[in-house]
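# Fold and contact review
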Amino acid sequence: MVLNRTSFILLGTMLVVMGVVGAACEPLGSPMVVEALVPDDSARGGVALQDVTLQRVVDLRTGRGLDFDVRGDFKVNVGDFSDLTGDFDAIVDRIRGNGGADVDPHMSFDGTRYVADDYETLFYFSMTANFESAFAYAREAGDVSRATSSAPSQRAIVGLFASVVLSPLLPLPLLSSDNAAYAAPVDGWLALRSAFQEGVPFGMHRGVIAHEFGHRLFFHNVFSAVDGGFEVWQRDNTETELSAEQIRSQMLLKGIDEGLADAFAIAALSDKDAINDAFAFAGDLFEPEADRRDVEGEFGRAATYDALRTLSLDTSMLESCGLTRPEFAQQFNFYCVGTVLAASLWEAADRDAGIMRTEVEPAVIQALPGIGEALVAGVAFDVDLFLEALVRVTPPGERREKLCAQFAARFESLVIAGKVPTCL
């Protein structure tokens, strides 16, 4: 080949083009600035578009990260949940299936930040920023469990616009909108599309994301961090013939999980309305949930463990909790006892978001393995298992005294019976 001036120009152009293409294929990793929807008390609806620096992304173009991978077209098959045999990682690998696909963000770079060109990409940016925020706070609060592990084999997954289907052969969507949820068997979260709700979609709402992160925090500290804990979880999620006592214990354990997830969101965002605001702005269908989850609302102020247990609360409140029989029967809306716990923690923090963030939530995280230890020992769960664990890890002094005072008021029968001995 004879190279002349024209050949050099053409060759140079080709090399430049190839360089650009090659650069486009390079991973786009942190730190990087994106425009995302984040909390802003001064803005209408409590949120605004702001620049956020993502710190833990490996490749923004594909959704890979140091702590979690965001995956598109992720489907969870309900039928797969019937097989929970094997160790935890084997279960996760099996139920994740093909693991979804790389995300495909449509974005522009304006010289300083990446801006979403469509709704799906804004959802992805906002959700990623919110999960990074939750991971960062959990580490700050002292978590050392698998919930915040950055080991590649323990990385969480987030299904962007995920769906729950009947089976691979019959992929009828059973759940595909207006929700965000942590699913332990995939060790990850399903962030669903919005269909009926108003306001900020739950899957990109920072309070909801913090709450859902709280469930991973609970699962790994209670069941993964304790020898034999995962076997207890497997047993409780595979037994089909349950006694009334077992049903009661499971309902209360779910309630405490939900209440602590709400408390984590309040602490992580330093905002007592972190959860109820999400429901309040979501429209009429969701407003009752906002009322039940408000730690300073009418229900949050009035409800106690014993009032729910003995059906001695206002009739409308009992009905909203699905309570028609005493002692937390199966129809019970376990979120209600969760609000009792979250409200008691909030009151014990002097209704101060800073104290909730720096004192109460770190103690909660430290106390969680105590639940698992009791369950492994064969103790039937009741709320006192957590109350005692929390008071025990809280140093003697004002905060412990206030926790005990709240527990005596909100969980009176358990304290009187001596089931929270550190408070005696």
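Residues numbered from 1 in each chain as written. Predicted model: local features only at pLDDT ≥ 70, side-chain atom pairs only at ≥ 80, totals over all residues. Heavy atoms only, no water.

So, on to the packing of aromatic side chains. If you walk through the whole model with that rule in mind, you get 27 aromatic pairs. Seen from their ring centres, F88 and F219 are 5.4 Å apart, and the 35° between their planes marks the pair as tilted. Placement of the pair is F88 in helix 2 (residues 88-96) and F219 in helix 4 (residues 206-224), with a sequence separation of 131 residues. Judged by its relative accessible area of 7%, F88 is buried. For F219, a relative accessible area of 4% translates into the label buried. An angle of 45° between the planes, with centres 5.5 Å apart, marks the rings of Y305 and F328 as tilted. Note that Y305 is positioned in helix 10 (residues 305-309) and F328 in the loop between helix 11 (315-320) and helix 12 (335-348), a separation of 23 residues in sequence. (Phe/Tyr/Trp six-rings, centres within 6.5 Å; stacked < 30°, edge-to-face > 60°. Helix = DSSP H or I, 4+ residues; strand = E, 2+ residues; numbered from the N terminus. Buried < 20%, exposed > 50% of the residue type's maximum accessible area, 1.4 Å probe, protein only.)

Here we come to the state of the cysteines. Applying the stated rule across the entire model yields two disulfides. Note on cysteine connectivity: C321 is disulfide-linked to C336, with sulfurs 2.1 Å apart. With the S-S dihedral at roughly -100°, the linkage between C321 and C336 falls on the left-handed side. Placement of the pair is C321 in the loop between helix 11 and helix 12 and C336 in helix 12, with a sequence separation of 15 residues. For C321, a relative accessible area of 0% gives the class buried. Across the disulfide, C404 is cross-linked to C423 (sulfur-sulfur distance 2.1 Å). On the S-S bond that ties C404 to C423, the torsion sits near -85°, and the link is left-handed. (Disulfide = S-S within 2.5 Å.)

Contact pair helix 3 (residues 119-140) / helix 13 (residues 353-376): the axes reach a minimum separation of 9 Å and the direction vectors enclose 80°. Viewed along their axes, helix 3 and helix 13 adopt a mutual orientation that is roughly perpendicular. On helix 13, the residues touching Y137, A138 and E140 of helix 3 are M356, R357, E361, P362 and I365. A per-class count over the contact of helix 3 with helix 13 returns five nonpolar, no polar and three charged. (Axes fitted to C-alpha atoms, helices over the stretch in contact; angles between N-to-C directions. Parallel < 35°, antiparallel > 145°, perpendicular 65-115°, else oblique. Contact = heavy atoms within 4.5 Å. Nonpolar A, V, L, I, M, F, W, Y, C, P; charged D, E, K, R; others polar.)

Before going further, it helps to examine the pairing of strand 13 (residues 180-183). Where strand 13 lies against strand 14 (residues 188-191), four bridges are found, and the strand directions are antiparallel. Bridging across to strand 14, Y182 finds its partner in W189. Here strand 13 hands over to strand 14 after four residues, with D187 in that stretch at a positive phi of 45°. (Pairing = 2+ DSSP bridges.)

Before going further, it helps to spend a moment on the pattern of salt bridges. Applying the stated rule across the entire model yields 30 salt bridges. With a shortest N-O distance of 3.9 Å, D59 and R64 are connected by a salt bridge. On the basis of relative accessible area, R64 is assigned to the partly exposed category, the value being 35%. Close ionic contact of D187 with R216 constitutes a salt bridge, the shortest N to O distance being 2.9 Å. In this pair, D187 sits in the loop between strand 13 and strand 14 while R216 sits in helix 4, placing the two residues 29 residues apart along the sequence. This pair shows no difference in class: D187 is buried, exactly as R216 is. Among the ionic contacts, a cluster of salt bridges with common partners joins R248, D306, R309, E327 and D382. (Salt bridge = Lys/Arg side-chain N within 4 Å of Asp/Glu carboxyl O.)

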